[in-house]
Amino acid sequence: MSNGGGSYNAQNDSRAGSTGEPDLGTEPTGGFFSADYKKHDDLKQMLDSNKDNLKLEAMKRIVGMVAKGKDASDLFAAVVKNVVSKNIEVKKLVYVYLVRYAEEQQDLALLSIATFQRALKDPNQLIRASALRVLSSIRVPVIVPIMMLALKDSVVDMSPYVRKTAAHAIPKLYSLDPEQKDQLIQVIEKLLADKTTLVVGSAVMAFEELCPDRVDLIHKNYRKLCNLLVDVEEWGQVVIINMLTRYARTQFLDPNQQDVIADEDKNFYGDEDEKDSEEEEEDEEKEKTPPKKPYMMDPDHRLLLRNTKPLLQSRNAAVVMAVAQLYHHIAPKSEVGLVAKALVRLLRSHREIQHVVLSNVATLTTIRKVRGMFEPYLKSFFVRPSDPIHVRTLKLEILTNLATETSISTILREFQTYVTSSDKDFVAATIQAIGRCASSISEVTETCLNGLVGLLSNRNEYVVAESVVVIKKLLQMQPDSHSEIIQHMAKLADTITVPMARASILWMVGEYSDRVPKIAPDLLRKMAKNFINEEDIVKLQILNLAAKLCITNPKQTKLLCQYVLNLAKYDQNYDIRDRARFIRQLVSPAGEKGALGKHAKKIFLASKPAPVLDSSFKDRDQWQLGSLSHMINQQASGYSPLPDFPAAAPDPTVRNVEVPMPWAEKTHKKKAGKPKKEAFYSDEEEESESESDSEESSSSSSESGSESESEDDSKSESGSDKDKKSDEEAESSSSSSSESESSSESESDSESESEPDTKPQKKAPPPKTKSSTKPKKEAKQEVSLLDLDDIDVSSTSAPVPAPASALDVLSPSLASDLQGLSINDKTDTAISVTTPMFVSTTSHELLHRMTGEGLSANYRFTRGTCIYSTSMVPVELTFTNHTDSPVSNIRIGDKKLQAGMTLQEFPEIPSLPGGGSMSVSIGIDFKDTIQPANFQICTQDRKYNVSIKPPVGELFQAVTMAEADFTAQQSKLTGMNENSGKVSIPSQHNNSKTITARMSELANVAPVPSSQDGIYRFAGKTVSGGTLLLITVKVGEDNSASITVNCELMAICSMLVKEVKQKLSLA
Amino acid sequence: MIHSLFMINSAGDIFMEKHWKSVISRSVCDYFFEEQQKANSPEDVNPVISTPHHYLIHIYRENIYFVAVCTTEVPPLFVIEFLHRVVDTFTDYFGDGGESAIKDNYVIVYELLEEMLDNGFPLATESNILKELIKPPNILRTVVNTVTGSSNLADTLPTGQLSNVPWRRAGVKYTNNEAYFDVIEEIDAIIDKQGSTVFADIQGVIDCCVKLSGMPDLTLSFMNPRILDDVSFHPCVRFKRWEAERVLSFVPPDGNFRLISYHVGSQNMVAIPVYVKPNISFREGGGRFDVTVGPKQTMGKMVESVVITCAMPKVVLNMNLTPTQGTYTFDPVAKVLTWDVGKINPQKLPNLRGNISLQSGSPPPESNPAISVQFKIQQMAVSGLKVNRLDMYGEVSKSSPKKSFTFEKYKPFKGVKYLTKAGNFQVRT
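Residues numbered from 1 in each chain as written. Chains lettered and ligands numbered in written order. Predicted model: local features only at pLDDT ≥ 70, side-chain atom pairs only at ≥ 80, totals over all residues. Heavy atoms only, no water.

1. Description of the overall build of chain A
Defined as follows: A helix here means a DSSP run of H or I that spans at least four residues, while a strand means a run of E at least two residues long, and both kinds are numbered starting from the N terminus. Classification of residues uses two cut-offs on accessible area relative to the type maximum, computed with a 1.4 Å probe and protein chains only: under 20% is buried, over 50% is exposed, and between them is partly exposed. We call two residues contacting when some pair of their heavy atoms lies within 4.5 Å. Here the Shrake-Rupley method, with its probe set to 1.4 Å, supplies the accessible areas, and only the displayed protein chains count as covering residues.
The secondary structure content of chain A amounts to 48 helices and 16 strands. Of all 1067 residues assigned to chain A, the portion counted as buried reaches 58%. For chain A, restricting intrachain contacts to residue pairs at least 6 apart in sequence, the fraction spanning at least 24 positions comes to 68%. Carbon and sulfur atoms provide 51% of the accessible area of chain A, an area that totals close to 44,500 Å².

Have a look at this one:
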């Protein structure tokens, strides 16, 4: 303690001296208490000065003391004042000090709190984050409420770094006040939903520390976590993988329960869709015939395995190990093999890593089924003289476990070299390993035995002793043909001194005395002579030998036996005295009453089972691989054992999460409530809707709508009314079937009850459903869940349903219910980008073929998400060559864009053949203006100036939101940001369908479900700036309509009003 | 996770401690000392020690034990890997991670530890981010800091922390753009007494020194990527492209880093470039030592920096040898013989011979010591791996929007160097 401190102080003194502080030079050592006090006075002075560098110097010295583990707590008051210092380094060091001592000086620590509270509002995210860090690290229970507030603010902070820090603060707060758990879990729930890779790792860490058993929080984030996993930082990956392992064990079926079938099914996994649909059918089947059915892996299970696999390539050993244990615990046995290579790679790493990896490999190799995967790497486990002892023993263990008929010769040859090592412990371990190989592989038992007997003549006594012990065990397995070995060993008893070995020899001679009838009594004689000088275990064995000989050969040994027993009677060790007493009663009954004596032979010379030489790692597979508990082979605190796979898979649909699309939910409602015979289903649905997690169900049902929407655009246009009707019928029946299915599902699962019918269509391939609906229309009961897809398509298509009419049929109570729901919906996902309602196929001319000398170009707004950047409007350019000769090197030349605008070019077209045409896509960030983008299209030898002027409606992206959100947002955008106008709509077009269609044609907006009749709402946001756009069309009496447009961009506002007017008034 | 960290030097002094949660008394280290006393050598201490209330996980590097204290279940590799990362960072900052370096820079060490872990969970471990948060010490900066009063600490969040390329900082600018790639392969081998190969294996790494402005995007392709059997990547490498095309595509970190490390498939025959002909014998009171080294399969390259070390049995008292080339030393305390051979001249094979004297009275050792060999061969990768080409794309100026989408091809200096050396190369005698 003192020398290190001395060097710090000496060094500090010299530094301080250079800053020109005279007092400091006087205290060179700082070893005494008096000196300490004095020094602290200096420090206090320095801290009180107003020079930053003096303060810094003082803080550095104090941190030096903290680092040394010296007590610096009496400086607390002086230090804590400096928490307001402007100098960032002083501040940091004060933080370090504060975190260390605040616990001890709680009252004074409170002085600093105000500073942190202020810093929490700082515009600099680093300062916000570090304020939160320190605040949460000060372990002062009084400030728990303050921390809680700060935490709640921070989890919604703009900066992911602050949110990450917030995640770290959760366990700190929890350890300070466990009563906050419920609130903290809510916070964790929020953080788990975060999509930033920086945050999720820490969020899962907090989850693991607080509530690892709350799997319900993971369901909705499961897929996201799987998909983000590769991009999360390494430490987060480890935590997430470990958590997902446990999750998988609770949610998926054991992939190895039916090995054979599982293997056959593997072919399907490549195809996601197919798998999915099958999986659902299989789910249904399961209801009827639970036991015998082929195992199908849950697609989510597969997703996890697929997404973790690349991480085996990580440079971080902890990540590799985490993936390895994941595969070991949840993957089908046939796939576990691929982790072997990665684990073997880790053996190149630092010694400590080797140690941990090897002990895990040792456990793996004890399991027969997975042992094979390490066999190709056998040579990687060869021991090197430079390995530390613990690594060597582990390697031996593994080599022994891996020994098979084919590899045993290599291994034995290797063992031979080890036996000559100068490290005695290692030699002993090697001999034991040879013994184990011999016992497990019968082909080589003889060879091994001979080898071991050879070792008996080794000069090193430890080698001999260990060999004796091992040979004893081996002989016990097949004692018949080895009397010469026993003889040989009996001779050794004269020379060998290691007690264990002597004991082994004696036991063996006694046990097989019939094979060495001459030697055994002689041996006993020699032993009796030296009895009092032996070790305890040897004495016990001498007694055993005496007893056994006395039974088999009483003539020669009776007296000897008596002698030995007498000696033992006065031994110091009570075990030996007891044993002697016990044996005496058995072998030489004083009276003739001895009932036991008759059975003495049975008792002593019963055939004994051979010892099983097993790996010491045999029982370690009860622990989760890679865990601390596994390493130390005992339960570490906080270890929770991996649960077993469930017998029946829990509902897989709980993991479905999608973008909420409220109008689809409405259509759902409509069909549910419409036909009389369906009344009871609809009832049930309402019920479950209102009582269960409403957000979830609405989002899921709406999802299906959105999907079908985008997929079946063309189809919906052709679909006639009749078609639609019949589809709807099919739909209602299918909903009935699905409903019954869900109700037949466990009642306990009421949360998800409303979901199964809506969920599965999601991934179902459209073509398939289309073909399947038609024939099944009659047989209502058989209509599969998949068909729902179709109905949603038709009802939401063409192109959108009338959102208003959807609610007509609903009871008022339900309507209000729904309203309530959508208010509750106010989460981050409430406003989300969705697919466009309508994509124009008409293109505009960019370059006429006359101007372009045979080359023409058209452009079209595709309304998708731009592949280059989310702030760009995607534009599709189509070049057509009207000449006969090819045009080459078509590209974009000079761009004369407005300030701020950017244009992503297409890759150069090397050549466009005569008469050919080609489409390319570009992205333009219009910066939310309708300024044209001017640029040049160049060919090999010409340049043409062109410009793209976006129609105002193309600057938007359709977004979905709930009605309540819409009105809330609208109320924020009043005054200057609101523009309105009136128009009269031709009566034949005054219906919801046309209005919606026209609106979505005009601008890339999505309808918002409306609870009022005659009011149509549409929402969008600008592509570049993300500014919200809200359009309301209120149709009044006599076909007149008022249009209100709310948007922060006033120019756009007024333009849109004009265009909407025009569009709606079209005849 | 990690509760506290103690640094213990070889003398058994706890010279630094850091706690991330409440303070744990340093007496917890007594369990460690107990365990340490049982071990024969510093390496032999079991890295994971269980005590009644705590779990001690340590690494031993630079003659220091870094002992992490954990209180609950945590993956041991997680802690070990982190501790190694800590030492790597120290080495990166101070040139070496030894005790004196740590003591000299204890403030920075403390600041680093504070940044790297928060509440026991790793926060920022990427060297590039740390270097932006806390600047490494150098003499010039120390002078400047004393004059201007500025500090080593950044007051803004490093850009890398938030970007999706956390390993690279933004706004890097160099006048000379250069990228160097060192393909270094190590041969691990065990050669038996007769000179035949028991086990041989090639492990390779590609270390890079990349100093390029902006956000360069590099693509490195090999002539023969198939020989790479098992690869582990720096996080910057795009795994998908490697899977699909077997090219390394990445946005490099700034400065030195290890791009990939790989293992060459065992089906390939490994060329062993040197042979060692040992002839060691012991008898009562002494022995003979005669070792010859020669080139084997060197593909026409010179074998350089050959060093032969041999840990002699404990009974060896001294050795009296004559080398035909190079110098030899025998450490009579550690009983290690080191022969620095230098280059191998195929015409005149280096040889070291002489007598061994043993402690009188003790029996001669039964087994001969193993010999480990070090060597280097420049300009050759023993696996035959060859870099095909390196392409670079760089986004030069993100500040001016006009240019932001013009990808400009760099004209940097690029170089690839090959080196083969001995890894764990041991000859049994």
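From this point, the discussion proceeds with the structure in view.
2. Here we look at the packing of aromatic side chains
Two numbers describe a pair of aromatic rings. These are the distance of the centres and the angle of the planes. Applied cut-off: Each aromatic pair joins two rings of Phe, Tyr and Trp (for Trp, the six-membered one) with centres within 6.5 Å, and gets the label stacked for planes under 30 degrees apart, edge-to-face for over 60, and tilted for any other angle. Any Lys NZ or Arg CZ that is within 6 Å of a ring centre and within 35 degrees of that ring's normal is treated as a charge sitting over the ring.
In this structure the tally under the stated criterion is 25 aromatic pairs over all chains. Relative to phenylalanine 252 of chain A, the ring of tyrosine 247 of chain A lies with its centre 6.4 Å away and its plane at 80°, an arrangement referred to as edge-to-face. Residues tyrosine 247 of chain A and phenylalanine 252 of chain A agree in their burial class; the two are buried. Taken together, the ring pairs in this structure connect Trp235 of chain A together with Phe78, Phe82 and Phe121 of chain B into an aromatic cluster. The ring centre of tyrosine 101 of chain A lies 4.4 Å from the NZ or CZ of arginine 100 of chain A, which sits over that ring. Across the ring face of phenylalanine 426 of chain A, the terminal group of arginine 392 of chain A is positioned such that the distance to the ring centre comes to 5.1 Å.

3. Some thoughts on the packing of helix 8 (residues 125-137) of chain A against helix 9 (residues 144-154) of chain A
All names here are of chain A. Our working definition: Only the stretch in contact is used when fitting a helix axis, every axis being a line fitted to C-alpha atoms; angles between N-to-C directions are given from 0 to 180 degrees. Roughly parallel here means an angle under 35 degrees, roughly antiparallel means over 145, roughly perpendicular means 65 to 115, and every remaining angle is called oblique. When the near helix sits turned anticlockwise from the far one by under a right angle, the crossing is termed left-handed; a clockwise turn instead gives a right-handed crossing. Three classes are used: nonpolar for Ala, Val, Leu, Ile, Met, Phe, Trp, Tyr, Cys and Pro, charged for Asp, Glu, Lys and Arg, and polar for all others, with Gly counted as polar.
As a packed pair, helix 8 and helix 9 sit with axes 10 Å apart at the nearest point and diverge in direction by 150°. For the element pair helix 8 / helix 9, the angle class is roughly antiparallel. Two packed elements cross with a definite hand, and for helix 8 against helix 9 that hand is left-handed. In this structure, helix 8 uses Leu132, Leu135 and Ser136 to contact helix 9, whose residues at the interface are Ile146, Met147, Ala150, Leu151 and Ser154. Here the contact of helix 8 with helix 9 is composed, by residue class, of 6 nonpolar, 2 polar and no charged.

4. So, the confidence of the model for chain B
Residues and elements named next belong to chain B. Operational definition: A residue's pLDDT is the predictor's confidence in that residue, given on a scale from 0 to 100.
Here chain B shows a mean pLDDT of 83. Residues at 70 or above account for 89%. The model gives residues 396-407 a pLDDT under 50, and that stretch makes 13 contacts with residues more than four places away or in other chains. Model confidence for the complex is summarised by a pTM of 0.67, with the ipTM given as 0.88.

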